[in-house]
Amino acid sequence: MSTFTRANEEIQKRIRAFSGPLTESLVREPGAYGLGQVPSSVAPDATTAMVCGFCATGCSLNIHLRRGEATNLTANFDYPVNRGMACPKGWEALAPLESAERATTPMLRTKRSDAPQTIDWQTAAETFRDRFKPIIEKHGPESVAFLSTGQICSEEMAFLGSFAKFGMGVIHGDGNTRQCMATAVRAYKESFGFDAPPYTYEDFEESDVIVLVGSNMCIAHPIMWQRVLQNTRDPEIVVIDPRRTETAMQATQHLAIKPKSDLTFFYGLAYLLIEKGLLDEVFIKEHCDDFETFEAHVKDFDTARVAEESGIDAEGLNALAELIGSGKRVSFWWTMGVNQSYEATRTAQAIINLALMTGNIGKPGTGANSITGQCNAMGSRLFSNTTNLLGGHDFEKAADREKVAEILKIPVERIPDQNSLPYHAIIEGVESGEIKGLWIIATNPAHSWIGREDFSAVLNKLDFLVVQDMYSTTETAACADLILPAAGWGEKDGTLINSERRIGIVKKVAKAPGQALADFSIVKLLANVWGCGDWFKQWQSPEAAFRILQELSEGQACDISGIDGYRQIDEEGGVQWPFPKGTTDTAKQRRLFSDGQFFTPNQKARFVYETIQKDPEPPCNNYPIRLLTGRGSSSQWHTQTRTRQSAVLRKLGPKENYVEIHPADAGALGISSGQIISVASRRGRIEIKAFVTSTVQKGTVFIPMHEETTNQLTLPSFDPHSHQPNYKSCAVKVTPVSF
Ligand SMILES: Nc1nc2c(c(=O)[nH]1)N[C@H]1C(S)=C(S)[C@@H](COP(=O)(O)OP(=O)(O)OC[C@H]3O[C@@H](n4cnc5c(=O)[nH]c(N)nc54)[C@H](O)[C@@H]3O)O[C@H]1N2
Ligand SMILES: Nc1nc2c(c(=O)[nH]1)N[C@H]1C(S)=C(S)[C@@H](COP(=O)(O)OP(=O)(O)OC[C@H]3O[C@@H](n4cnc5c(=O)[nH]c(N)nc54)[C@H](O)[C@@H]3O)O[C@H]1N2
Ligand code: SF4
Ligand SMILES: [Mo]
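What you are looking at is a predicted structure, and each value in this text was computed from that prediction instead of being measured.

A. Broad picture of the overall build of the protein. Helices and strands together make up the secondary structure of the protein, namely 27 helices and 26 strands. For the protein, whose C-alpha radius of gyration is 25 Å, the value lies close to the compact-globule estimate of 27 Å for 739 residues. Dimensions of the protein, computed from the C-alpha atoms along their principal axes, are close to 75 × 70 × 60 Å. Put simply, the protein has 739 residues, and 66% of those count as buried. Taking contacts inside the protein between residues at least 6 apart in sequence as the whole, the part at least 24 apart equals 74%. Accessible surface, the protein as shown: approximately 25,600 Å² in total, 48% of it carbon and sulfur. Each charge class in the protein can be summarised by its mean position, and for the 75 positive and 88 negative side chains these summaries are 3 Å apart.

Have a look at this one:
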């Protein structure tokens, strides 16, 4: 029995003997947020600035209040991110708050088939305790898990992860950041020694060559694209994407690579750079390890082979190699076309390798730059207590556990000495019955998880499922035993960290509906009722929690101990990490690695590479077409729980789901635009409207992820290093539907 399990048993005994303070005391506490009026820090008729709660660009919005309630918003001109711009979701950010679909009171189902009944918070918290605790007591700390998110404030995710792991004593907790950023995390950790995206948005404007890999910025990060357009250096913009996306159409070059051939393609470019002698040999020698073995590895990737496998001809390959090796400022940016693949981590590192070998790092307009997705995916990478111990620490290191225990003032035995299972293993645990209790916060896996015809059947295996969401109408909430109503963005205080490591502030500018509480307050309540409230006394308010995060970060690559609290973040246009005590460089744009020192023990970056892996499901005779999935429009957000609440956004997006199919394939199958067709994979079959277009390659189709049906088709396969789902490729069969 591990020390952790023993400590866990002990705490269970203590908890059984404990009767927690009542909820009312929580709601009356001065630090409690959610219920009640707009806090006095924001004057009732003021305009106040805060960052957007959709994507990781992190634009700032001016919120205009009247009598203490937000009435309207405009984009903030003075913020170093968006400079007065916002995309449709930002402009409509207040609309999703007012909706009949909001969860306004806790709700409980006594039987899964019953309609949920309204209950009060005290009963909800006691039910949470009385259902989860016996499971843990009987089946051990691995029998209950949680799935968290990149869409709540850092303070909330840290509190949640701390309560779940140190208070409740569970070991397994992951989040939707696994679906999204796990690859970049793993790639950076191995190559740079810490999960550290090096760039600042100014690099969009400072580059001579911008290489976008698997990134449809015009749709997914429109304000980043606006920053690209502000580049006055007449940049070459190269889009590497199998589809002729909106971004590809706007670029100076589109390389329509064959899907899943990226790794071969980038090794082929490295081969050519070496052949042509277009290397920064001084940088490689002084600041990198393992170049020689990498050089030997890419010898197999001669241009004829790479052209054949990637679909980009020798001329195109040579031209791109010369452009990258030209000595100009080259920045590489990647998003989900790279991260969501079965060989994702090595592909991200192949991009990193190109930047390293040409010395394109640490200087203006350069970098191997992973773009983040959700508003606080970066916060969840550092502070959610899921894949690493709070603040980029390591669960498996005794010294790290001791440091965190001391700062949190909790017994060190409460910190698990093992890592959590990754998301897919948690789901597999639910399927096998080993995981019997699950708490899902601010994510909607019944829609967004990969490759399930009926995800509710998996959730229904649980003895107890808690869903904590702004809306009671999500696909996941439909399966819940207990629904906890959460306040959303705009209804609570805290901070988010954007793609360029900038910490931005969000504020309470609207009252949450009914009994909905901020996630922060929900966790406080649950901790009190669970019986471990004493351990979380320090977590008085979001700002008090922020100070704890600062202390946790001290001495880490993400050190933010020098920030003067919310005041500085609010007044100075956000603050990029790192910002240790005594920071003198307070410029609004700060990039990493300008000194060529990385976070590895010898401060050198590593060339990491691997042999090419087999595609887990290539097209075949029965399923001859490859399905790609991704974002459909700038007005749709993921599972649409929020964006469908805005009449404006609904109008801007498509009315129904559609599949893009190439004219040659459509012609051969007798399919025309607007016709309902069948798309079937080995997992499921859907009927969907055809959209015939040559933006997709022959032999491939594309379906947006915004309708639940899409993931009934996808293949549950994962990158072996990051465990990120391979959302962007599986084999399907397309046929007309006859009526
Ligand atoms: N409007 C809107 N904006 C969003 C979101 C949203 O839901 N709606 N979500 C946010 C989040 S969380 C994220 S993670 C980001 C995602 O942002 P992006 O990653 O830019 O968006 P996706 O459409 O998922 O995928 C990008 C591209 O990858 C390409 N791709 C597919 N397979 C391959 C391949 O094998 N190789 C290459 N090179 N490319 C490939 C696809 O054709 C697609 O155009 O967007 C964020 N912004
Ligand atoms: N086929 C396919 N599937 C994909 C992808 C793909 O490209 N293709 N992309 C993947 C990626 S990158 C991502 S990030 C995931 C996203 O997948 P999800 O995380 O499942 O998608 P969202 O719709 O953003 O779900 C967020 C939920 O949190 C709720 N919420 C919002 N704010 C708050 C809050 O403050 N508190 C609480 N408690 N709840 C809140 C919302 O109502 C919503 O139900 O999808 C993944 N799935
Ligand atoms: S680009 Fe992203 S952060 Fe900016 S307004 Fe749009 S959704 Fe919000
Ligand atoms: Mo994402």
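B. Looking closely at the packing of helix H11 (residues 262-275) against helix H17 (residues 344-357). Running from amino to carboxyl end, H11 crosses H17 at an angle of 20°, the nearest separation of the two axes being 9 Å. Our classification of the angle between H11 and H17 gives roughly parallel. Crossing of H11 against H17: the hand is left-handed. Across the interface between the two elements, Asp-262, Leu-263, Phe-266, Tyr-267, Leu-269, Ala-270, Leu-273 and Ile-274 from H11 touch Arg-346, Thr-347, Ala-350, Ile-351, Leu-354 and Met-357 from H17. Counted by class, the contact of H11 with H17 contains 11 nonpolar, one polar and two charged residues.

C. The arrangement of helix H14 (residues 303-310) in detail. Considered for burial, the residues of H14 that qualify are Thr-303, Val-306, Ala-307 and Ser-310. In an axial view of H14, the angular spread of the buried residues amounts to 100°, which keeps them on one side of the axis. Exposed and oriented more than 90 degrees from the buried face of H14 are Ala-304 and Glu-308. Packed against the buried residues of H14 are H11 and helix H15 (314-324).

D. Summary view of the packing of aromatic side chains. This structure, assessed with the given rule, holds 36 aromatic pairs. Measuring from ring centre to ring centre gives 5.1 Å for Phe-132 and Phe-464, while their planes differ by 75°; the resulting arrangement is edge-to-face. Highlighted residues: Phe-132 in helix H4 (residues 121-139) and Phe-464 in strand E15 (residues 464-469), separated in sequence by 332 residues. Taking the relative accessible area as the measure of exposure, Phe-132 reaches 0% and is therefore buried. Through successive ring pairs, a cluster of aromatic residues spans Phe-128, Phe-132, Phe-159, Phe-163, Trp-439, Phe-464, Phe-520, Trp-530, Phe-536 and Trp-539. Directly above the aromatic system of Phe-54 lies the positively charged group of Arg-642, at a separation of 4.3 Å from the ring centroid. Between the NZ or CZ atom of Lys-733 and the centre of the ring of Tyr-623, over which it lies, the distance is 4.9 Å.

E. Layout of the domain arrangement of the protein. The assigned domain composition of the protein is domain 1 (4-98), domain 2 (107-177 + 377-576), domain 3 (182-370) and domain 4 (625-736). Opposite the 11 residues of domain 1 that make contact, domain 3 presents 10 residues. When the buried area of domain 1 at its contact with domain 3 is split by residue, Thr-57, Arg-83 and Met-85 rank highest and sum to 56% of it. For the pair domain 1 and domain 3, the interface holds one salt bridge. One salt bridge in this structure joins Glu-205 and Arg-83, with 3.1 Å as the shortest N-O distance. Applying the counting criterion to the domain 1 and domain 3 interface returns six residue pairs in polar contact (both at pLDDT 80 or more). In terms of residue class, the side of domain 1 that touches domain 3 is built from eight nonpolar, two polar and one charged.

F. Geometry of the site of ligand 1. The local shell around ligand 1 holds 33 residues, among which Ala-220, Asp-241, Asp-262, Met-336 and Gln-636 are the closest. Ala-220 has a polar backbone atom sitting 2.7 Å from a nitrogen atom of ligand 1. Measuring from a nitrogen atom of ligand 1, one finds a backbone N or O atom of Ser-634 at 3.4 Å. In isolation ligand 1 exposes 910 Å². Once the protein is present, 100% of that is buried. If you list the elements that add at least two residues to the shell around ligand 1, you get helix H8 (217-220), helix H16 (336-339) and strand E21 (625-630). Tallied by class, residues from the shell around ligand 1 come to 11 nonpolar, 15 polar and seven charged. Residue-level mapping places the shell around ligand 1 at the junction of two domains, with at least three residues from each of domain 3 (182-370) and domain 4 (625-736).

G. Layout of helix H20 (residues 423-432). A large share of H20 lies buried, amounting to seven of its 10 residues. All of the buried residues along H20 are Tyr-423, His-424, Ala-425, Ile-426, Ile-427, Gly-429 and Val-430. Summarising the contacts, the buried residues of H20 are in contact with strand E6 (144-148), strand E7 (172-175), strand E14 (437-441), helix H21 (445-448) and helix H22 (455-459). In the stretch just after H20, Gly-433 is the one whose phi turns positive, near 90°.

H. Representation of the site of ligand 2 in the model. Of all residues adjacent to ligand 2, which total 33 residues, the nearest are Gln-151, Ser-448, Asp-469, Asp-519 and Thr-639. Note that an oxygen atom of ligand 2 is positioned 3.0 Å from one of the side-chain N or O atoms of Arg-631. Within the side chain of His-638, an N or O atom sits 2.8 Å from an oxygen atom of ligand 2. If ligand 2 stood free it would expose 920 Å²; the protein chains cover 99% of that surface. The set of elements that each furnish at least two residues to the shell around ligand 2 consists of E15 and E21. Partitioned by chemical class, the residues of the shell around ligand 2 number 10 nonpolar, 17 polar and six charged. Summarising the domain contributions, the shell around ligand 2 has at least three residues from each of domain 2 (107-177 + 377-576) and domain 4 (625-736).

I. Structural detail: the pattern of salt bridges. A complete count under the given rule lists 32 salt bridges for this structure. Residue Glu-190 is joined to Arg-346 by a salt bridge in which the shortest nitrogen-to-oxygen separation is 2.8 Å. With Glu-190 in helix H6 (residues 182-192) and Arg-346 in helix H17, the pair connects residues that are 156 residues apart, well separated along the chain. We note that Glu-190, like Arg-346, is buried. Residues joined by salt bridges that share partners form a network here, namely Arg-186, Glu-190, Arg-346 and Glu-610.

J. Summary view of unusual backbone geometry. Between Trp-577 and the following residue, Pro-578, the backbone shows a cis peptide bond with an omega angle of 5°. In this structure, Arg-501 takes a positive phi of about 70° despite not being glycine. Tracing the chain through its elements places Arg-501 in the loop between strand E17 (491-497) and strand E18 (502-508). Relative accessible area serves as the criterion here: at 1%, Arg-501 is assigned to the buried category.

Definitions and cut-offs
Residues numbered from 1 in each chain as written. Chains lettered and ligands numbered in written order. Predicted model: local features only at pLDDT ≥ 70, side-chain atom pairs only at ≥ 80, totals over all residues. Heavy atoms only, no water. Helix = DSSP H or I, 4+ residues; strand = E, 2+ residues; numbered from the N terminus. Rg over C-alpha atoms; globule rule 2.2 N^0.38 Å. Buried < 20%, exposed > 50% of the residue type's maximum accessible area, 1.4 Å probe, protein only. Contact = heavy atoms within 4.5 Å. Areas by Shrake-Rupley, 256 points an atom, 1.4 Å probe, with all protein chains shown as cover. Lys, Arg positive; Asp, Glu negative; His and termini not counted. Charge placed at Lys NZ, Arg CZ, Asp CG, Glu CD. Axes fitted to C-alpha atoms, helices over the stretch in contact; angles between N-to-C directions. Parallel < 35°, antiparallel > 145°, perpendicular 65-115°, else oblique. Left-handed = near helix turned anticlockwise from the far one by under 90°. Nonpolar A, V, L, I, M, F, W, Y, C, P; charged D, E, K, R; others polar. Arc of directions from axis to C-beta. Phe/Tyr/Trp six-rings, centres within 6.5 Å; stacked < 30°, edge-to-face > 60°. Lys NZ or Arg CZ within 6 Å of the ring centre and 35° of its normal. Domains from an automatic or database assignment. Buried area = accessible area lost by both parts, 1.4 Å probe. Salt bridge = Lys/Arg side-chain N within 4 Å of Asp/Glu carboxyl O. Polar contact = N/O pair within 3.5 Å; in protein donor to acceptor, adjacent residues only side chain to side chain. Near = heavy atom within 4 Å.

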